[in-house]
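# Commentary on secondary and tertiary structure
Residue-level listing of the chains:
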Amino acid sequence: MAAEPQRAKALDELVKGLWRENPVFIAVLGLCPALAVTNSLTNGLVMGLATTFVLVGSSLLVSLLRKVIPRPVRISVYIIIIATFVTTVDFVLAALMPVAHKQLGAFISLIVVNCLILGRQEAFSSRNSVGLALADALGMSGGFTLALALIGAVREVLGNGSLLGYPLFGEGFEPWVIMILPPGGFLTVGVLLVLFAWGKARLERRWTS
Amino acid sequence: MNPLHALTGLPTFRHGIHPDDMKELTRSLAIERMPFSAEYVLPLSQHTGAPSRPLVGPGARVERGQLIAAADGYVSTALHAPVTGTVRGIELRPHPTGKQLPAIVIDIDPFDSQRVRGIAPRDWDALTPDEISEAVQAAGLVGLGGAAFPSHVKLHVPEGKHVQFVILNGCECEPYLTCDHRVMVERAPDVVLGLRKIMRLTGAERGYIGVELNKPDAIEALTAALDGDGAIEVVPLEVKYPQGAEKMLIDAIFHREVPSGKLPLDLEVVVHNIGTAVALVDLVRSGIPLIERIVTVTGPGVRRPANLVVPVGTLLREVLEYCGGLHDATRQVILGGPMMGMAQKSLDVPIVKGVSGVLALTEPAPMIEEEPCIRCGRCLEACPMFLNPSRLSLLVRGEQSDALSTLGMLDCCECASCSFVCPSHIPLVHLMRVGKAMVRQSAKS
Amino acid sequence: MDELIFIFASASVINNFTLTYFLGLCPFFGVTGRLDTAFRLGLANIFVMLITALASWVLNSFVLPYAPYLRLITFIIVIASTVQFVEMVIKKASPALFRALGIFLPLITTNCAILGLALFSTNRGYDLLEGLVYALGAGLGLTLALVIMAGLREETELAGVPKLVRGVAMSFFIAGILSMAFMGFAGLFHGS
Amino acid sequence: MAAREPGSLRLMATLGFAGLVSGIVLVGVYLLTQPRILRNQWEALNAAIYRVLPGTTSVTTLVVREGTLSPYEGATGTVPTEQAVFAGYDEAGVLVGFAVPADGPGFMDTIKLLYGFDPGRRVIVGMQVLDSRETPGLGDKIITDERFQQNFRALAIDPSIVAVKRGEKAHPNEVDCITGATISSEAVVGILDRSAREWAPVLQPAGAARGEEGHGGRTAAR
Amino acid sequence: MSPREPQLSISTAPFLNSGLGTRRLMWEVVFALVPVVAAATWFFGLAAILVVLATCAGALGAERLLVPGRGAAGSLRDGSALTTGLLLALTLPPSIPLWMAALGGAVGIGLGKLIWGGLGQNLFNPALVGRAFLQAAFPGALTTWTAPGRGLWNLADGTLALPFARAGVDITTTATPLGLAKFDGRVTDPGALLLGNTAGSLGETAAVVLIVCGLYLGLRRVFDWRLAVSTLATVAVASQALHLLRPDDYPGAAFMLLSGGLLFGAVFMVTDPVTSPITPRGAWIFGCGVGLLVVLIRLFGGLPEGVMYAILLMNGVTPLINRYTQPRRFGA
Ligand SMILES: Cc1cc2nc3c(=O)[nH]c(=O)nc-3n(C[C@H](O)[C@H](O)[C@H](O)COP(=O)(O)O)c2cc1C
Ligand SMILES: Cc1cc2nc3c(=O)[nH]c(=O)nc-3n(C[C@H](O)[C@H](O)[C@H](O)COP(=O)(O)O)c2cc1C
Ligand SMILES: Cc1cc2nc3c(=O)[nH]c(=O)nc-3n(C[C@H](O)[C@H](O)[C@H](O)COP(=O)(O)O)c2cc1C
Ligand SMILES: Cc1cc2nc3c(=O)[nH]c(=O)nc-3n(C[C@H](O)[C@H](O)[C@H](O)CO)c2cc1C
Ligand code: SF4
Ligand code: SF4
Ligand code: SF4
Ligand code: SF4
Ligand code: FES
């Protein structure tokens, strides 16, 4: 009987992270450790997927153990859990994708301090059932990955004239080097934030009228 | 000595502006007396402080110089009939501030000789300081330098305070105005006499008369009138606006700054306008209260500029008409000087005690179109109070009154130097006034 | 000596943690509303970074060769507890200093700039002295960026920033421009 | 309060247990992935070694202890954690030269590179940048620019390696810089010069000895 | 009898002003730039004019696009977009592709001015924001220099490159005096620097013209002379001191003052009222800061020229300077 609303709720949790509560463009969370390496679509995807792995894994575990972990030490336990997942993903990437791993370097390890992850544990997983926590984590990390991929894609297309490493425009293209340099990261996010705000305002106007 | 004087050779303050003085229109015109007109309008609020309390009602016959409204409290003063005639009533009339305020309206008695009757001089030397203060208040004397602050307050030295110096302010730094100039030239001995009287009243040891260097004939006349009196000094000052603001004047003469939020009295100084001093002399000599004052009527819009003795309460229209009327090209009529005066939308406002000039301008309002502040810093370098008008104006517009008061909003003397120099035509002084009100308001609540 | 100067220049301005590695961004955007707070936050950061340099050198030299897989966890735990310990010492020894910096310490103990410092200086194989110079440079660079940003942000509050841009987006644009400006330091003291 | 707050023993136990589980998981992951990671590192390095020492068919790893070279005792196919150089030999077993890692400040950040050094002729025979953050399109030409690479096929280290403007190279000890990346080029030259000057005294006697006796130690066939 | 009552307008005091206008200040700057553009055309030919047109088109276009309410007439009238476009153009190399120049103008106005709220609200120099963007985006094109005096009609290959396309490859390049000093240790003769017969950005080479324009603007009080003077004085003193210390490594003050974009920057960009401190003491500090950073970057940094970065960096700390140099209030 409660299955239907339950499922609808889970679906909602899943979808909200993609747009309504997109961690990057709406909540502006978890960006800093990721931005530095998001200068190509590949890097954005790898970083996003690595974060997804950590977030989903930690949320699952935290939700499972939510009744067992004593409150006063919960943060420490969360950090241990997260750090374990991060170290795992770091090693696995180094073993399987050495080139990408070299490009991302220490920034993989820095996922551990991404406050999106700890924040989700504290705000959601530790208070909700495994199913909801999973849906939330998937939605959030999906939104996160999408955002990083978008940033990476914009920066790679303009900054290198390629996507996923494949040249798009041929030899004559003059790349906008700034886009793959740090200022390009800031400016890209700034422009995307403005565009999102603009799109949101337009949508809302259409809804109300 | 202030190192600045070493450069200019003349005492002055720092910052300030150098507008064209425009005084040649009336500088050499002797003071003349204008004829009486039919109607006089006497707002109860002509001075700083509480409005006067009316003592006459409709239909009452009043004699020239008769008390018609009494002081209402200490910082307030009396009001007298400028002409003999009949009180038409107490009506709401346009006031130079732009508001409609209660005023006693008097119809002149056209057949009266308009001689002052029934007032005899008193023996001032026999009075105690308190009695003198009361007498000055009863005579309705206010500062004629612009603010119309009741003079008895400044002539009375409060318990525990001490006055060492009296400065007579003969700067007349506002462009166009020449009434003080003419008074100094034509009545130099009375200026000196007035200063001596104020010095005696306040117990001061030394007196100074500060005069800007663009009035050499005044300096000459005053120096001659001193007749070697060593206790008084005529100080020629650099021509710079607002040299006449009392804090600037004190800085120029003594190189001392009146601390923020304090009065000159805290430096044992009082400052009076030279016109005020002469009015005091007149009062002592004849017993006649303040019922007229000297007004410079000038500007490109006036057909016949003049320095006039004008009964208080005369309508602006009458004054202008006496001066040949306005040119058709006139766009603005201002009571006061061009820097601190107030534009009038009606010619039916009366000349009140604080009005030292009537200025008719043919240019349209120079504040053409406001542009954004370009942070050029010109306003900072103009502000004699060393404020940052640019920032203050932003804060006023952002309604951040806490930040305003920490940046010294209340120190602003509304001299308008900032507005004068601003290339973006931002109405800075206006915003400063709003800001001062905001700070006072938030201090209250 | 040249080496140390280069490390310092590199950490503070050429590769400013915030403006080129995007580390310590959240205080950068969150706390920089007020200049005074930004400055004290910066000082607290310098302080924690120096402790971190010390702690991570100890770990790298004596522990991690035997258990490389514990790197991340031990960094976090050791840095956090060392800072907490020092915090207690300061509280006892100098309550004034504690009041000025103390409230920020728990906030920053495991933020990305601190952990990044530990990871980078390990990756670069710095010895103790180099690590400390690196930490000092990074901390000063972070403080510089925080303070500049705070000044700029305070100023924009009174300006007519368009509604769409106001807020985080504006902070990103400002950071982008600053990041471009800091490119001027490239190659500083590169020796050769 | 006592009823709701778990005792501190319980807290310690939870933390300890979490740490323990985490440790066990990580050791497992570590054991699973480490061989691949080490192999990846070695392969990357190995590829570079063959590139900077043209003609090499086998490589010996040597570590530096107290200023002299001694054979590396670690597992074949791993990168030593100590300071190391790599001796390369041709098919005939004759020493081609040493591959030496070096680093130093570049335009944006530290540049790490590997170069091949022939101690007998005192020339550099190859160079590859391992790691740099130089500007893409300008500074990173030190990696991609073919003409720049040409400089290091036979670069004499005496009297010293110097950078000259592109097209002005006239002597075997000169390096043609990349236009628009003069600083990065100079940085590479500076790193090479400093490193070669430091290593030559160590490598020359070692090279002389090894050149005669043929190669011993552990090698990695290509 | 009574004269016709005039229509009286009311406004607040004061009823006089100094006669200065922000628009007039902007146009004075544009006017002062005319000889600079002329000199640029003399040395670098038609390219100078084309680049100016491109940056101005980019600047005005961006303003048009991003502030829909405002017609072209509006943005033209206040002269500030034009000033920005002109100044940007004159800091670009002669061979820059026109599409890059236009992009720079657009970025300068968009990122440098409009997001801040428009004229007067920006905290960084818009022209330099545009240039810094271009330099980071196209470092190659922005460090490619052609020699002066190749004829009025001579255009570099890249100038007319299509949007997004690479600049031509076969440009004959030379080095700027600063490049020569930094990378080859050759100091250019001050005489050549004065006349402007050297490679460099369009507007920066002819020192005499810049000095005259600076004197014009300074004497007419268009800008705060303290800014320009303190910048130049700091560079002169610091570089001369270093020169005396190690004459072989560091060029002397004359060379440092006359070479590169220093004079152009000191006259036209350091003095931008909007982005420099508002307080007089702040102006001195700002100028000293710019001067020291210029010397630091030129002599100890990687880049041969640092004027742009120096100014942008000091723009960044201007709010702090303003804050800590508030004048001591009268009687405080
Ligand atoms: C509330 C208030 C109280 C004052 N009290 C005194 C006073 O006790 N003694 C005095 O000499 N002047 C006093 N003044 C007068 C001022 O010093 C000053 O002369 C007057 O405000 C007119 O100055 P202005 O024309 O420069 O505006 C007072 C002014 C105000 C507003
Ligand atoms: C900006 C400014 C300018 C002033 N200029 C004069 C002036 O030129 N002459 C003058 O007598 N008073 C001038 N005053 C008024 C003086 O500050 C001071 O109040 C006055 O001299 C006191 O004399 P009183 O009370 O007799 O009017 C000015 C005030 C301000 C704020
Ligand atoms: C944004 C930017 C990035 C640069 N990056 C590098 C770089 O990574 N390596 C380098 O050697 N030069 C770089 N330069 C160029 C140098 O500033 C300098 O102009 C050049 O090395 C001079 O070389 P040239 O004399 O051969 O033209 C860069 C310049 C800019 C504007
Ligand atoms: C003396 C002076 C110098 C100026 N310098 C610049 C400049 O370097 N860059 C610029 O974009 N605008 C400059 N302007 C124009 C104006 O200040 C600029 O458009 C504003 O910065 C835009 O808000 C200058 C204006 C003046 C009066
Ligand atoms: S800590 Fe998290 S939310 Fe804060 S800036 Fe960094 S990633 Fe963003
Ligand atoms: S009006 Fe006020 S703020 Fe403006 S210059 Fe005068 S004192 Fe300064
Ligand atoms: S004078 Fe006007 S434009 Fe200049 S700083 Fe002051 S308010 Fe701004
Ligand atoms: S605690 Fe760390 S993650 Fe959270 S806001 Fe501060 S720096 Fe960012
Ligand atoms: S500051 Fe970097 S993650 Fe918070």
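In this report, we go over the structure that sits alongside the text. (Residues numbered from 1 in each chain as written. Chains lettered and ligands numbered in written order. Predicted model: local features only at pLDDT ≥ 70, side-chain atom pairs only at ≥ 80, totals over all residues. Heavy atoms only, no water.)

### Some details on empty space enclosed by the protein
All names here are of chain E. A full pass over the atoms with the stated rule returns eight cavities of 30 Å³ or more. What the largest cavity holds in volume is close to 330 Å³. Lining the largest cavity are 23 residues; nearest its centre among them are Met26, Thr83, Leu87, Asp272 and Pro273. Of all the elements in the fold, those that place two or more residues in the lining of the largest cavity are helix H1 (22-44), helix H4 (80-90), helix H6 (126-137) and helix H12 (262-269). In terms of residue count, the dominant contributor to the lining of the largest cavity is H4 (four residues). Broken down by class, the residue content of the lining of the largest cavity amounts to 15 nonpolar, six polar and two charged. (1 Å grid on protein atoms, 1.4 Å probe; cavity = no way out; pocket = protein on both sides within 12 Å on 5 of 7 lines; lining within 4 Å. Points joined across faces, edges and corners; volume = space filled by probe spheres on them. Helix = DSSP H or I, 4+ residues; strand = E, 2+ residues; numbered from the N terminus. Nonpolar A, V, L, I, M, F, W, Y, C, P; charged D, E, K, R; others polar.)

### Here's the deal with the packing of aromatic side chains
Tallied over the entire structure, the rule returns 28 aromatic pairs over all chains. An angle of 75 degrees between the planes, with centres 5.7 Å apart, marks the rings of Phe53 of chain A and Phe85 of chain A as edge-to-face. Within this pair, whereas Phe53 of chain A is found in helix H3 (residues 41-64), its partner Phe85 of chain A is found in helix H4 (residues 74-96), the two being separated by 32 residues in sequence. Judged by its relative accessible area of 39%, Phe53 of chain A falls in the partly exposed class. Three or more aromatic residues link up through ring pairs in this structure, and these residues are Phe107 of chain A together with Phe17, Tyr21, Phe120, Tyr126 and Tyr134 of chain C. A cation sits over an aromatic face here: Lys240 of chain B above Phe13 of chain B, 4.5 Å from the ring centre. The ring of Tyr322 of chain B carries Arg304 of chain B above its face, with NZ or CZ at 5.0 Å from the centroid. (Phe/Tyr/Trp six-rings, centres within 6.5 Å; stacked < 30°, edge-to-face > 60°. Buried < 20%, exposed > 50% of the residue type's maximum accessible area, 1.4 Å probe, protein only. Lys NZ or Arg CZ within 6 Å of the ring centre and 35° of its normal.)

### Points about the interface of chain C and chain A
A common way to state how big an interface is: give the accessible area lost once the parts meet. With 32 residues of chain C at the contact, the number on the chain A side is 32 residues. For the pairing of chain C and chain A, the buried interface totals around 2700 Å² over both sides, and the portion due to carbon and sulfur atoms is 88%. Area buried by chain C at its contact with chain A is led by Phe22, Leu164 and Phe172 of chain C, which between them contribute 25% of it. Put simply, chain C and chain A have zero salt bridges between them. Counting the contacts that link chain C with chain A gives zero residue pairs in polar contact (both at pLDDT 80 or more). Listed by contribution, the elements that provide at least two residues to the side of chain C that touches chain A are helix H2 (17-21), helix H3 (25-30), helix H5 (71-93), helix H8 (112-123) and helix H10 (168-182) of chain C. With eight residues, H10 of chain C is the largest single contributor of residues to the side of chain C that touches chain A. Taken together, the residues of the side of chain C that touches chain A sort by class into 23 nonpolar, eight polar and one charged. (Contact = heavy atoms within 4.5 Å. Buried area = accessible area lost by both parts, 1.4 Å probe. Salt bridge = Lys/Arg side-chain N within 4 Å of Asp/Glu carboxyl O. Polar contact = N/O pair within 3.5 Å; in protein donor to acceptor, adjacent residues only side chain to side chain.)

### Some thoughts on the interface of chain E and chain B
In this assembly, 46 residues from chain E lie in contact with 66 residues from chain B. Where chain E abuts chain B, roughly 4700 Å² becomes buried across the two surfaces, and 57% of that area is made up of carbon and sulfur atoms. In terms of surface lost to chain B, no three residues of chain E exceed Phe15, Ile278 and Phe330 of chain E, which account for 19% of the buried area on that side. For the interface between chain E and chain B, the tally reads four salt bridges. Of the charged contacts, one joins Arg329 of chain E and Asp411 of chain B as a salt bridge, the two residues approaching to 3.4 Å between their closest N and O atoms. The tally of links from chain E across to chain B stands at 19 residue pairs in polar contact (both at pLDDT 80 or more). Here the side of chain E that touches chain B is composed, by residue class, of 21 nonpolar, 16 polar and nine charged.

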